[in-house]
Amino acid sequence: MERTFLMIKPDGVQRNLVGEIIGRFEAKGFTLVGLKLVQVSRELAEKHYAVHKERPFFPSLVEFITSSPVVAMVWEGDGVVASARKIIGATNPLSAEPGTIRGDFGINVGRNLIHGSDALETAQTEVRLWFTDEELVSWEPVAKPWVIE
Ligand code: DAT
Ligand code: MG
């Protein structure tokens, strides 16, 4: 079953949007299989954003992600990687469509509330980086036949 890694960033936690954000993925019908509050270390932040190492915004991005707790999650479902990216919206909240998380709650690219894996392979790498096998729980939602034919 397809899985993706989602992380509510420090701004989402500080602005009390955790419930609102998690609710969108629950309401869509995806299944939560991993969840924890994390005070991110510099080492983890640098590994997670390693692809952006050479970008000018990298130092402030690492500073931001380590500044206050984040909510790390793994969600499961058919097509969840691409669908979660659509639910999240464009990187710059000013360009993100209304109805998306960033479009509804954000203004600034450096305060865009949530991270979502951008492809299947990245999702696998990020799930492994943030969660141990023991922290991931496979379970059968009773509502599944009412979500998936
Ligand atoms: P996304 O989070 O939509 O996958 P990304 O992988 O291109 O976007 O960048 C990772 C994060 O880095 C992004 O969520 C916010 C920050 N970022 C990206 N581009 C930026 C920019 N031009 N200025 C400041 N921060 C930026
Ligand atoms: Mg990205």
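Conventions used here
Residues numbered from 1 in each chain as written. Chains lettered and ligands numbered in written order. Predicted model: local features only at pLDDT ≥ 70, side-chain atom pairs only at ≥ 80, totals over all residues. Heavy atoms only, no water. Buried < 20%, exposed > 50% of the residue type's maximum accessible area, 1.4 Å probe, protein only. Helix = DSSP H or I, 4+ residues; strand = E, 2+ residues; numbered from the N terminus. Arc of directions from axis to C-beta. Contact = heavy atoms within 4.5 Å. Near = heavy atom within 4 Å. Polar contact = N/O pair within 3.5 Å; in protein donor to acceptor, adjacent residues only side chain to side chain. Areas by Shrake-Rupley, 256 points an atom, 1.4 Å probe, with all protein chains shown as cover. Nonpolar A, V, L, I, M, F, W, Y, C, P; charged D, E, K, R; others polar. Salt bridge = Lys/Arg side-chain N within 4 Å of Asp/Glu carboxyl O. pLDDT = per-residue confidence, 0-100.

As for helix α7 (residues 120–130)
For an α-helix the count is 3.6 residues per turn, leaving residues at separations of three or four pointing the same way.
Item 1. Here α7 has its buried residues at A123, E126, V127 and W130. With its buried residues spanning 105 degrees around the axis, α7 presents them on a single face. Exposed residues lying more than 90 degrees from the buried face of α7 are E121 and R128.
Item 2. Buried-residue contacts for α7 involve β1 (3–8), β2 (31–38), α3 (42–48), β3 (70–76), α5 (80–88) and β4 (114–116).

Side note on the site of ligand 1
Item 1. As a structural note, the neighbourhood of ligand 1 is formed by K9, Y49, H52, F57, L61, R85, T91, R102, V109 and N112.
Item 2. One nitrogen or oxygen atom from the side chain of K9 is found 2.9 Å from an oxygen atom belonging to ligand 1.
Item 3. Considered on its own, ligand 1 offers 520 Å² of accessible surface; in the complex 74% of this is hidden by protein.
Item 4. Looking at the shell around ligand 1, its residues break down into four nonpolar, three polar and three charged.

Comments concerning the pattern of salt bridges
Item 1. Evaluation of the coordinates by the stated rule reveals eight salt bridges.
Item 2. Here R3 makes a salt bridge to E76, at a shortest N to O gap of 2.8 Å. Of this pair, R3 sits in strand β1 while E76 sits in strand β3, placing them 73 residues apart in sequence.
Item 3. For E76, a relative accessible area of 13% puts it in the buried group.
Item 4. Here D104 makes a salt bridge to R24, at a shortest N to O gap of 3.0 Å. Highlighted residues: D104 in helix α6 (residues 101–105) and R24 in helix α2 (residues 18–28), separated in sequence by 80 residues.

Some points on the confidence of the model for the protein
Item 1. On average, residues of the protein score 98 in pLDDT, and 100% of them are at 70 or above.
Item 2. Interface confidence in the predicted complex, given as ipTM, is 0.98; pTM for the same model is 0.98.

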